[in-house]
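Descriptive analysis of the structure
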Amino acid sequence: MATSGGACLYQEARLNIEPAFSGSTISITLPAETMSTFGTRTQPRRTIVTEQHSGQDEDNFARRHLATDGGLFFRRHHQYPRSFLWRILDNRKVLEVQSVDLDQDATHDVEANLTLLLHFSSPIRPSCVVFAEPDDRDALLVFAITNANELYTITLHHEFFMKPAASELEISDWCKRSSLNALVFRTPYRLAAPSSNQLLVTLDNGGIVYLEKENKDDVIWNEALYEQKSWTGSIRGLLPWKSEQKVRFETSELESLAAASVAFSPDKQHIITVCLDHKLRAWNRSTGKPGMQKDILGEPERPNDKSAQYLINPSQAKLMQIIDTPGRAGDGNYHVVTYSPKQHQFKFWAVRDADAAEQGIYDTQPEVNLTPPVDILMNTSVWTLEEFFVVTSSGWRSTELWIRARSGPSSRIYSLKFNLFDDAKTLTTTWENDWVSVDSGPVSIEGLRQNPLNPAEWDPEAISLYEIDLTQKWLDFLFFPERFTTATLEAALVVYRKGLESGRNTQSRPNGSLKERICGAVGTFAALKQNDDTERTDFERSIAAQWQALYGLVKDLHKRRAEYLSLEFDDERGMPWIVLSDYLSAIRECAETEVIALNASMLSSVKALPAPLRKTLDQKPNTKLDKTLDVSRLLIAAASFRKNLPTPFQSQLQREVQCELLQSRPLSIVDRMELMEQNSDLSRQVSDDDVVTLVEELGMDMKSVRNDTFLVALEMLGEKEKGRTPRSKQIARFGLHALVRVSQETLEARYNVLLDLLVLVLFMQFEEDLADDFDPSLLFAEIIDALKDCTLLRWLAGTVWSNPTTTGPSSINSMKHLDEASRKSRESSTSQTVLEGILGYRSFEPAFPSPLKTNLLTYWSRVWLAQIFKSTSYDAALDDVMGVLLMQKEYRLASQFSKFMSEDNWATYLKGRMHLALGEPALASICFQKAAFNLGKKPHQMTEGHKKLMRKSALGMFSLEDADQINFIPAEQRDSFSDGLAKYYHHILGLFEKHRAYSFVADFAHLGLKSINGQGEEELKKELLSRLFSASVLTNRFEDAYSAMIRQQDDALKSSSLHQLIMAMIQHSQTSCLFKFPFVGLINKVDDILTSFCHLTLNLASGPQYYHLLYSFRISRGNFRGAASILYEWLQRLKTTSSQVHDPADESLTQCYLMIINTLSSVSEEEAYILADQRIDTTQQRFELGDAKKKLKRQIVTLDTLRKEYQAELDRVEAIESGQYPFVDGGDEMDIL
C-alpha cells in the first residue's frame, strides 16, 4: 500500500526466468588465450543442457539462477527477435542471453525460445559487457572484456535463438577475440557500444579508448586514445610529487578522471563523459581535443579549496543520459541529463557547442532544485539513486523520469511526469509532490505476506479448528503457477533435508515427484519430533511447524531472487522493465480497483489527493470525480469491513460462496441471501465498533448508499474493448507468460473485491433505514454472477495441465521439441496453465487502442480474460472448457472442473464422456440416458435464423452446431444428434465399445432398438442388432445374443452370428442353455456347425467333446439315427487315433458301442441301421494319391453288426486282461491265443 509520500499507480508483473522446455538451453564454452589451472587452453565446446533441479543445493542454485548483473537490449532494425534479456551468472563467468519478446508476426513459423549460456574462461569485468545490432545482418552483437583483458566480439545470429542446429557452426567463426594495446598497462573500467563497429572503453587512469573497425570480420580494432593529464590549467596537475586522489573499485585503483559514463553525442562528433571527479566533459572525435567541461551541479571551480575532492562512487550504475531532443528555439541542439550523487540532484543541460569549454553548455533550469524526495517517499534519511531513465516528447512538455532508489536492502521504483520548461514555481511543486511509486506486486515477499491464501500468515489456532487439510493448502500455495520456480523449491528441499539426513545418518535420495518428496520430508521431520504417546492434535501442530520451517527456506531463496539489477526502457512500446536476479519484471499501470486498494490510506484521508492520483481517478468516462471517490470509499470500507471479521467467519464465508456458486438452490434470491447470512452467522460476528468504522470509512450513513455506487464498482472490474484489432500477430512464449501472470493478479484482486461487496450487501440487507433505490437482491444477483465468472477464470489460471497446446503457428515446432523431450524423460518437460492452453491462441482477438505504453499488459489481460465469455453464455463457456479438457485427455482435471458444470443436456453428455474416460461406465450410462431425449430427438421445423439465435428453442430443441463450438464431436458422428434416439444410442454404444464396457454396449443397443420406428431405418437396425449380439456374447448374455441373431435379416450375418454364438456358449459350458433355444429354421445350420467342429477336432482326449455335443443336440431334436451315426464316426476315430484303447482299463470304446446300440434300439427294427464310411486300414491297403475317396464306399451298419463288434471288443479286453495276446505285433488286430 502506498505511503503518504506518493501515490502508487504502477505495479510490477514479475516473470520467472525459466527455460522454455527441457533441452532449450544451449551451453557454449568460448575459446580463450589464457591458460587454465593445468596449463591448457580452454577449448570451445557446445552442449545442450537438460535442466536438472533435483539435488541442487543453495550454492548451485545461486550459481545457476541468481545473476549479479543483467539488462535488456532492444534491437531497432529487426522485429523478431527484438528484445533480449542478458544476465551474468556463476561468478561472472557465464553470460546468459535469451529472447523475451511479447509477440511476433503471425507469419513466423519458428519461435525464438532457446537460451544461450556463454561460458568464459575468465570472469567478465563489471560494466564491461554491451550489445549492439549490426546493420548488414539479422544478428545480435555481444562485446565483453574479461579480467584477462581479452575483448570478445560474439555474433549471435537470430537463428541461434530459434533452431538448435544453427549454433552447431564452428565457434571460432562467430566468436572473435582481440587483445588491445591500450589495455596492456591499463585496466578497463566501463565499456560502451555506440554502434556495431564502434566501441568506447574508459580506463582507470581517465583515458578513453575509441575502437573502430571497418570489416565485420576484422579481429584487429583501430585504437584511438583520448587522454588529458590536467583539465584545470593548474600547475598542480604537472607536479609529479603530488599524488592523485584515487578510489578503489573491485581490484583496481581508479583515478578521479576515470569516466563512469560515456557516450557519443547525437551528431557523433563528440564523446561525452561524466567522470568520478563530478565533471561533465567532452572530446572532439576529429581533433582529439577536450571541449566543454562542467561540474554536473554547475558548481564553480575552487582551486584554493584544500578539502578532499568529492569523488563519485565508482559502482554508480548511471550518471548521464544524452537526449536528442532540442529545447526551445535556439536553446541547444541536444540535451544531457546528469545525476549527482553528491546532492541527489538532476540537471538538464542544453548543449550548444560541445567544443566551447564554458559557453557551449548551460543549465535549462538553474533556479530549480531537481531533487527527487526519496527521503520522504521511502521514509529514510540514507538512500542512493542507482539508475534513472528520461523519456521525452516534443517540446519536453510530457517528460517522464523513472528512477530506481535504494535504502539499505530495500529498492523502489518511482516515476515523475513534468514539463521541463514550466515556470520555476510549478516545476518545483511538481518535483516535490507529483512522484508516483511502483508496487512490487503480489509475488514479492510483502505481497506474499498479504496473500490471504498464504498458510504461513494464518492464526495457528484457527488452522487447527477450521483448516482440515493443511498439507493440501500448503501444496496449493507453493505450487501455484508462476509463484515459485521449480529450482527454488528443489533447492529449499535440499537444504531442508540436510537436517533430516544428519539426524538419521542417511544419504539416500528419495524418489517421486517434487510434491511427494516435499510431503515425505515434512512428514518424516514431524514424526521424528514426536513419540508414541503423541496426540493427534500435537502431531498436526508439528506438521504445521515443519511447513513453516520449509517455507522459511523457500522465502529466503525467493527474496534473493528479487535483487534489483537494472532499470530498462523499451522505447518502441514505451514500457519500463526491471531486471532482477531471477526475474524480469514488467512495470504496468494499475487498474482502477488496484489503484484504490493501493492508495486506500490517501483516499481515506481528509487531505487533498496528490495530482497524479486525482487525475487517474478522474479519467473514467461519463463518471464525475465525486462519484469515483464515492466508489473508492465504498471499496475501501467493504475491504476493511471484511478483513476485520474473525477467521472462522472467513472460512465459513468461502464455503457458503462455493455452495452458492456450484449448487442450484430452488430458492428465491432473498431466501438465498438470508440462508447465506444465517449459515455464516454474519450478524453476530459484527460488533458495534465495526459498524462505526464502516460508516466512517464510507463517509456517509448507510441510508445514503445507493445501488449505482455498487454497480459502478462492479463495472470497474471489467474492461471494454477500445481501438481496433491489431495487424496479424501471434503471441510469443514470454508474452503469454506475462499475460497469464497479470491475469492471475487481476483475478485475485477481482475475487477479493467481489467478496468484500458481497459481505457488505449481506450485512446491509437487514438494515431498516436504507435508500429507496438500494436493492440488495439485485446487487446480490449481480455479484454472484460476477463471482461465477471470476471463479471459473481463477480455476483456469491456477490449474496446470500436462499436455501443452499450441498458441500460434510458431509454437508448433516448440511442441514437437516438447513431445520429443517428454518421450525421452517420460514426463512433461514444461508446464502450461489451462488458461494458456484454451485462450492462448486468442491473445490478439481483442481490439487495442494506441498507444498503450505502461497500460499494455493491464488492458490486454482484462480484455483477454473476457474473450471466454464473448458472444457466448456462461454455461456454454463451461461446456467448451470441459470439451477441451476431454479432447486433451485431461480427465483428472475434467473431474475437478465438473463441479462448475450446469445440469443442461449437453453438459450432462460431457460429464458422461468424462466418467467413461475415468473408468466409471455406470455413472456415464446414467448421464447419457439423462441427456438422451433432448440430444437425440428429431427437432421440429425451425428456420435458420432461429438455429443461429437459440441454442435450445422454447420447445427444447437441441442444436449441436450451437452447443459444440470446439468440434468436440467428430464430423462423421455429428449426425448422431437430433436425428432420432436410435442414432444417438448407436453413437453412445460406440463410445462404450471403445472402452470395452460391453454390458453397457448391450444396454444401449437395446435402447436403440426400442427407439426405432418405421421401416426407413433398416440399416441402423441391422447395425444395432449386430452390436447387441457381439456385446451380449462378450458379456455371456446368450439369451440376448440369440434374440439379436434371430431378429437379424441379413442371412450371411445371421449365419456368422450363429457360428459365433455356438462357439461362445460351448466355450463357456452353456450347452444346456444352447440346446434349449428353438433355432427356428436353423436346425440344419446348427447341426452343420457342430459337425464341422467335430471334423476339425484333432485331439479327442482334450478340448470340448464336440461329438458328444452333436450327439446330444440330435437326441434333443429326435434324430436318433443321426445321433448314432455321429457316435459311430467318433468310434471309428477312437480306434484309429487313440492310444488309450489298448489299455484294458479304458472303457471308451465299450461305452461308445453301448451308446450307439441304445440309440438305435430306440427306433424300429427296420430303421435300426446307419450309413457309415468304410474304415481305412493303413496297414492292409495302399492307395495312390487322390484315389482313396474313389475306392472307399459307404457301408450299412446294422444293429446286429454293432452288437457283434461290441462282443468282439469285450472279448479283446478279456484276452488282454488274462494275458492271451501274442508277443509280436502282427497288425492292428490282436491274434488271440
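What counts, and where the lines are drawn
- Residues numbered from 1 in each chain as written.
- Predicted model: local features only at pLDDT ≥ 70, side-chain atom pairs only at ≥ 80, totals over all residues.
- Heavy atoms only, no water.
- Phe/Tyr/Trp six-rings, centres within 6.5 Å; stacked < 30°, edge-to-face > 60°.
- Helix = DSSP H or I, 4+ residues; strand = E, 2+ residues; numbered from the N terminus.
- Buried < 20%, exposed > 50% of the residue type's maximum accessible area, 1.4 Å probe, protein only.
- Lys NZ or Arg CZ within 6 Å of the ring centre and 35° of its normal.
- Axes fitted to C-alpha atoms, helices over the stretch in contact; angles between N-to-C directions.
- Parallel < 35°, antiparallel > 145°, perpendicular 65-115°, else oblique.
- Left-handed = near helix turned anticlockwise from the far one by under 90°.
- Contact = heavy atoms within 4.5 Å.
- Nonpolar A, V, L, I, M, F, W, Y, C, P; charged D, E, K, R; others polar.
- Pairing = 2+ DSSP bridges.
- 1 Å grid on protein atoms, 1.4 Å probe; cavity = no way out; pocket = protein on both sides within 12 Å on 5 of 7 lines; lining within 4 Å.
- Points joined across faces, edges and corners; volume = space filled by probe spheres on them.
- Expected span 1.5 Å × (residues − 1).
- Salt bridge = Lys/Arg side-chain N within 4 Å of Asp/Glu carboxyl O.
- pLDDT = per-residue confidence, 0-100.
- Patch = residues over 30% accessible without salt bridge, like charges linked within 9 Å, V, L, I, M, F, W, Y side chains within 5 Å.
- Areas by Shrake-Rupley, 256 points an atom, 1.4 Å probe, with all protein chains shown as cover.
- Lys, Arg positive; Asp, Glu negative; His and termini not counted.
- Charge placed at Lys NZ, Arg CZ, Asp CG, Glu CD.

A look at the packing of aromatic side chains
- Across all of its chains, the model carries 52 aromatic pairs by this definition.
- Aromatic side chains Trp 86 and Phe 131 sit 5.6 Å apart centroid to centroid with 35° between the ring planes, which places their arrangement in the tilted category. Of the two residues, Trp 86 sits in strand β5 (residues 83-89) while Phe 131 sits in strand β9 (residues 124-132), which places them 45 residues apart along the sequence. Neither residue differs from the other here; Trp 86 and Phe 131 are each classed as buried.
- One aromatic cluster is present, formed by Trp 906, Tyr 909, Phe 928, Phe 958, Phe 977, Tyr 984, Tyr 985, Phe 992, Phe 1000 and Phe 1004 through successive ring pairs.
- Over the ring of Phe 479 we find Lys 515, and its NZ or CZ is 5.3 Å from the ring centre.
- The cationic tip of Arg 794 hangs over the ring face of Tyr 751; the distance from NZ or CZ to the ring centre is 3.9 Å.

Quick word on the packing of helix α25 (residues 874-887) against helix α27 (residues 905-917)
- With their axes 10 Å apart at the nearest point, α25 and α27 run at an angle of 20° to one another. Viewed along their axes, α25 and α27 adopt a mutual orientation that is roughly parallel. The two elements α25 and α27 meet at a crossing, and its hand is left-handed. Listed contacts from α27 to Asp 879, Met 882, Gly 883 and Leu 886 of α25 are Trp 906, Ala 907, Leu 910, Arg 913 and Met 914.
- Along the lines of polarity and charge, the residues of the contact of α25 with α27 split into 6 nonpolar, 1 polar and 2 charged.

Examining the pairing of strand β18 (residues 252-255)
- Note: strand β17 (residues 246-249) against β18, 4 bridges, orientation antiparallel. Among the inter-strand pairings, Phe 249 is bridged to a residue of β18, identified as Ser 252.
- Counted between consecutive antiparallel strands, the loop separating β17 from β18 contains 2 residues, among which Glu 250 sits at a positive phi close to 55°.

Remarks on empty space enclosed by the protein
- Counted according to the given criterion, the structure contains 8 cavities of 30 Å³ or more.
- Approximately 60 Å³ is the volume attributed to the second largest cavity.
- Leu 72, Phe 74, Arg 82, Ser 83, Val 100, Asp 101, Leu 102, Asp 570, Arg 573, Trp 577 and Leu 584 together form the lining of the second largest cavity.
- For the lining of the second largest cavity, a count of residues per class yields 6 nonpolar, 1 polar and 4 charged.

Examining helix α14 (residues 625-643)
- Here α14 contains 19 residues, and its C-alpha end-to-end distance of 27 Å stays within 8% of the 27 Å for a straight helix at 1.5 Å per residue.
- Of all 19 residues that make up α14, 14 are buried, and the element is covered over most of its length.

Some words on the sheet that holds strand β25 (residues 345-351)
- Strand order in this open sheet of 4 strands is β23-β24-β25-β26, and the pairing throughout is antiparallel. Strands with a single pairing partner mark the edges of an open sheet, and in this sheet they are β23 (320-323) and β26 (361-363). Between one strand axis and the next, the sheet turns by 25° as a mean value, whatever way the strands run.
- Pairing analysis gives 3 bridges linking β25 to β26, with the strands arranged antiparallel. Opposite Trp 349, over in β26, you have Asp 363 as the bridge partner.

Focus on the pattern of salt bridges
- This structure, assessed with the given rule, holds 53 salt bridges.
- Measuring nitrogen to oxygen at the nearest pair gives 3.6 Å for the salt bridge that ties Arg 76 to Asp 571. Of this pair, Arg 76 sits in the loop between β4 (69-74) and β5 while Asp 571 sits in the loop between β31 (564-570) and β32 (575-580); the two residues are 495 residues apart in sequence, bridging distant segments of the chain.
- On the basis of relative accessible area, Asp 571 is assigned to the partly exposed category, the value being 47%.
- Overlapping salt bridges bring together Arg 64, Arg 87, Glu 96, Arg 561 and Asp 582 as one network.

Quick look at the confidence of the model for the protein chain
- Across the protein chain, the average pLDDT comes to 86, with 88% of residues at 70 or higher.
- By mean pLDDT, helix α29 (residues 944-949) is the weakest element of the protein chain at 45, and β5 is the strongest at 97.
- Here residues 230-242 is a poorly scored stretch, pLDDT under 50, and it has 9 contacts once near neighbours within four places are set aside; other chains count.

What about helix α37 (residues 1083-1096)?
- If you check α37, its first and last C-alpha atoms are 20 Å apart, about what 14 residues at 1.5 Å a residue would give, namely 20 Å.
- Within the sequence span of α37, burial applies to Val 1086, Asp 1087, Ile 1089, Leu 1090, Thr 1091, Phe 1093 and Cys 1094.

Concerning the packing of helix α20 (residues 733-764) against helix α24 (residues 856-865)
- Where α20 meets α24, the axes come as close as 9 Å, and the angle between the chain directions of the two elements is 75°. Regarding the angle of α20 to α24, the classification is roughly perpendicular. Contacts between α20 and α24 involve Leu 736, Ala 738, Leu 739, Val 740, Val 742, Ser 743, Thr 746, Leu 747 and Arg 750 from the former and Leu 857, Thr 858, Trp 860, Ser 861, Arg 862, Trp 864 and Leu 865 from the latter.

Things to note about a negative patch on the surface
- The grouping of Asp 701, Glu 767, Glu 768 and Asp 769 at the surface amounts to a negative patch.
- Its location among the elements puts Glu 767 in the loop between α20 and α21 (776-798).
- In this structure Glu 767 comes out as partly exposed when scored by relative accessible area, which is 33%.

A word on the sheet that holds strand β1 (residues 7-16)
- Across the sheet, 8 strands lie side by side as β27-β28-β29-β30-β1-β33-β32-β31; this open sheet has mixed pairing. Unpaired on one side and paired on the other, β27 (384-391) and β31 mark the two borders of the sheet. Here the average twist between neighbouring strands, direction ignored, is 25°.
- With 2 bridges joining them, strand β29 (residues 410-418) and strand β30 (residues 436-439) adopt antiparallel strand pairing. Note that in β30 the partner of Ser 415 across the bridge is Val 436.
- Most of the contacts of helix α4 (residues 424-433) go to β29, to which it runs at about 155°, and overall it touches β28 (399-407) and β29.
- The sheet strands contacting α24 are β32 and β33 (583-589), and the helix crosses β33 at an angle near 85°.

With respect to the environment of Gln 228
- Relative to the helices and strands, Gln 228 resides in the loop between β16 (222-226) and β17.
- We classify Gln 228 as partly exposed; its relative accessible area is 24%.
- Here the alpha-carbon distance between Gln 228 and Gly 207, two residues 21 residues apart in the chain, equals 7.2 Å.

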